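# Fold and geometry: a report
Listed here are the chains, written in short residue letters.
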Amino acid sequence: MKIPRRNLLQRGLGLTVAAVFPSLWTRAAGATHSGSEIDERMADGRGLAGLTKHDLPTPTLVLDLDIFEANLARMSQHAKAAAINLRPHAKTHKCVEVARRQIKAGALGVCVATIREAEAMAAGGIKGLLITSELVGPSKISRLVRLAKTHPDTMAVVDHPRHADQLSEAAGAAKIRLNVFIDIDPGSRRTGVAAGAPALELAQYAAKRPHLNLRGIHCYSGASAHVLGFEARRAHSQKAMTPAIETFHQLKQAGLPIEILSGGSTGTYNIDPEFKGMTELQVGSYVFMDVDYRVIGGRTGPVYSDFGASLMVIATVISQNQKNRATVDAGFKAFATDRKFGPDVHGIPGVKYQFAGDEHGILDLQEASREVKLGDRIEFIVPHCDPNVNLYDRIYCLRGEKVEAVWPVARGYL
Ligand SMILES: Cc1ncc(COP(=O)(O)O)c(C=O)c1O
């Protein structure tokens, strides 16, 4: 590849200065500010030395590694103490590096929601994939079967006999046996067959398909996850999960070869193991956390603080012409918009954020605990972590203020 002369000059200068004064690198080299310049720096061996969060382009997605690692450790200690396996959900992060660390911390593998996520995880060497959404239609089924051929421990969910037939036929054509889970509806009527007799009937049908390998039950009660108040959440999850647990026992009693019952969320991670019957938790958000989770209330108090907010968006104040009001460069395209609320400003009590367009957000500074000026960089806790991550190509990982790594996100649909 031919490198423009200007870039070569910049690189030469950067290397010389960096060698003597690493922290001056960015300023001396004329600022390494765009994502692609940072990528280039990593690709040509200059690395991230001297780069801090203050050098990153905004809006940008950053991860506090100390908090993230503490979250991983906490969940893994909990699972050990509760004698339940972890197969965390990678839909939250779509990031192979996060999955690697979850597995290193004891997870059996990861769950994924899409074939795109499954392929990205498999390409990154992640094993033990459970795809928790039905993959329907010739394109998705053929990709699933191709994946299962190279990664035979991959597992997929099914909630209809016609789907079971399609999966079995495709697996047969590829000369493999495909691992399947019966997806049970926890009462939300999103996907899944009803617990009890309908699930038993489907499981018996699937078990008889020549190219399917029935492995377990999947039952995810998303509606339980964010119920406000610990006791109300416990009651909700118990109502949702008890029929699936009973069905799990019925299927075993009927002689079906199932071993796994997977479900649960960050909101119910310390509730579901009490019900005795689930074998795996598919928790997702605990690695990053978000505004949505912080308000649900914990076991002992009104704030859910079991896991720390490790994921932030950094934005810049780009306009400040009015009293008590400033505008940042982060709007609908920088934050998930599926909730009724926006992000929380981090570290400056009293400042409130309001969406003001695709690329704009307003800061209400009337009760700001400190001055906010043009050019200031403001950090935000994201409203809802899963869709927020999906807006960014990469996560900049911070150790304190330093950028320690850049992790790609397998965002979108391919
Ligand atoms: C099927 C499924 N399982 C698990 C999770 C993880 O839930 P949480 O991020 O609340 O821990 C989700 C999240 O949406 C999900 O859709």
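Above this text is the structure in question.
Residues numbered from 1 in each chain as written. Predicted model: local features only at pLDDT ≥ 70, side-chain atom pairs only at ≥ 80, totals over all residues.

### Side note on the site of the ligand
- Near the ligand lie 16 residues; those nearest to it are Tyr220, Ser265, Thr266, Gly284 and Ser285.
- Classifying every residue of the shell around the ligand by side-chain character gives four nonpolar, ten polar and two charged. (Near = placed C-beta within 6 Å. Nonpolar A, V, L, I, M, F, W, Y, C, P; charged D, E, K, R; others polar.)

### Notes on the nonpolar core
- Counting 104 residues, the largest nonpolar core has Met121, Ala156, Val180, Ile182 and Val313 as the members making the most contacts within it.
- The biggest single contributor to this core is helix α11 (residues 230-253), with six residues.
- Viewed by domain, this core spans two of them, domain 2 (67-294) and domain 3 (311-408), each represented by three or more residues.
- In contact with isoleucine 182, other than residues within four places in its own chain, are Val158, Val193, Ala199, Leu202, Ala203, Ala206 and Ile217. (Core = buried A, V, L, I, M, F, W, Y, C linked by C-beta atoms within 7 Å. Buried ≥ 20, exposed ≤ 12 C-beta atoms within 10 Å, placed from the backbone. Helix = DSSP H or I, 4+ residues; strand = E, 2+ residues; numbered from the N terminus. Domains from an automatic or database assignment. Contact = placed C-beta atoms within 7 Å.)

### Observations concerning the pairing of strand β10 (residues 311-322)
- Sheet topology note: the strand β1 (residues 60-64)/β10 ladder contains four bridges and is antiparallel. Each residue of the ladder has a partner; that of threonine 60, found in β10, is isoleucine 314.
- Taken together, the five bridges between β10 and strand β15 (residues 377-381) define a ladder with antiparallel strand orientation. Note on β15: the bridge partner recorded for methionine 312 is isoleucine 381.
- Across three bridges, β10 lies against strand β11 (residues 325-328) in antiparallel orientation. If you follow serine 319 over to β11, its bridge partner there is threonine 327. (Pairing = 2+ DSSP bridges.)

### Focus on the sheet that holds strand β3 (residues 110-112)
- Ordered by their spatial adjacency, eight strands build an open sheet running β2-β9-β8-β7-β6-β5-β4-β3, and the pairing between neighbours is parallel. Among the strands making up the open sheet, the edge pair consists of β2 (85-86) and β3.
- Pairing between strand β8 (residues 260-263) and strand β9 (residues 280-281): two bridges, direction parallel. When the sheet's bridge partners are listed, glycine 263 is paired in β9 with leucine 281.

### Points about helix α7 (residues 138-150)
- Relative to the 18 Å expected for 13 residues at 1.5 Å per residue, α7 spans 19 Å between its end C-alpha atoms, a close match to the ideal helical length.
- Those residues of α7 that sit buried are Ile141, Leu144, Val145, Leu147 and Ala148. All buried residues of α7 project into a common sector of 160 degrees when viewed along the axis, lining one side. Structural note: α7 exposes Pro138, Ser139 and Thr150 on the side pointing more than 90 degrees away from its buried face.
- Among the structural elements, α6 (115-123), β5 (155-158), α8 (161-173) and β6 (178-183) are those in contact with the buried residues of α7. (Expected span 1.5 Å × (residues − 1). Arc of directions from axis to C-beta.)

### As for the packing of α6 against α7
- Put simply, α6 and α7 touch, their axes get as near as 10 Å, and they point 20 degrees apart. Considering their axes alone, α6 and α7 lie roughly parallel with respect to each other. Judged by the sense of rotation from one axis to the other, the crossing of α6 with α7 is left-handed. From α6, Ile115, Ala118, Glu119 and Ala122 reach across to α7, where they touch Lys140, Arg143, Leu144 and Leu147.
- Residue classes in the contact of α6 with α7 are distributed as five nonpolar, no polar and three charged. (Axes fitted to C-alpha atoms, helices over the stretch in contact; angles between N-to-C directions. Parallel < 35°, antiparallel > 145°, perpendicular 65-115°, else oblique. Left-handed = near helix turned anticlockwise from the far one by under 90°.)

### A word on the packing of helix α9 (residues 197-208) against α11
- Relative orientation of the contacting elements α9 and α11 amounts to 40 degrees, with a least axis distance of 10 Å. When the interaxial angle is binned, α9 and α11 end up oblique. Here α9 and α11 pass one another in a crossing that is right-handed. Each of Ala199, Leu200 and Ala203 in α9 lies in contact with α11, whose residues at this interface are Thr247, Gln250 and Leu251.
- In terms of residue class, the contact of α9 with α11 is made up of four nonpolar, two polar and no charged.

### Quick look at the pairing of strand β17 (residues 402-408)
- Bridging between strand β16 (residues 394-399) and β17 involves six bridges; their strand directions are antiparallel. Across the sheet, the residue bridging to arginine 399 is lysine 402, located in β17.
- Hairpin geometry of β16 and β17 is characterised by an intervening segment of two residues between the two adjacent antiparallel strands and by a positive phi of about 65 degrees at glycine 400.

### Considerations on the environment of valine 295
- Within the element layout of this structure, valine 295 appears in the loop between α12 (291-294) and β10.
- Placed 82 residues apart in sequence, valine 295 and arginine 377 show a C-alpha to C-alpha distance of 25 Å.

### Considerations on the environment of glycine 298
- Assignment of secondary structure puts glycine 298 in the loop between α12 and β10.
- Classification of glycine 298 as partly exposed rests on a count of 14 C-beta atoms within 10 Å.
- C-alpha of glycine 298 to C-alpha of phenylalanine 230: the two residues are 68 residues apart in sequence and 5.9 Å apart in space.
- For glycine 298, the residues in contact, after removing those within four places along its chain, are Phe230, Val303, Tyr304, Ser305 and Asp306.

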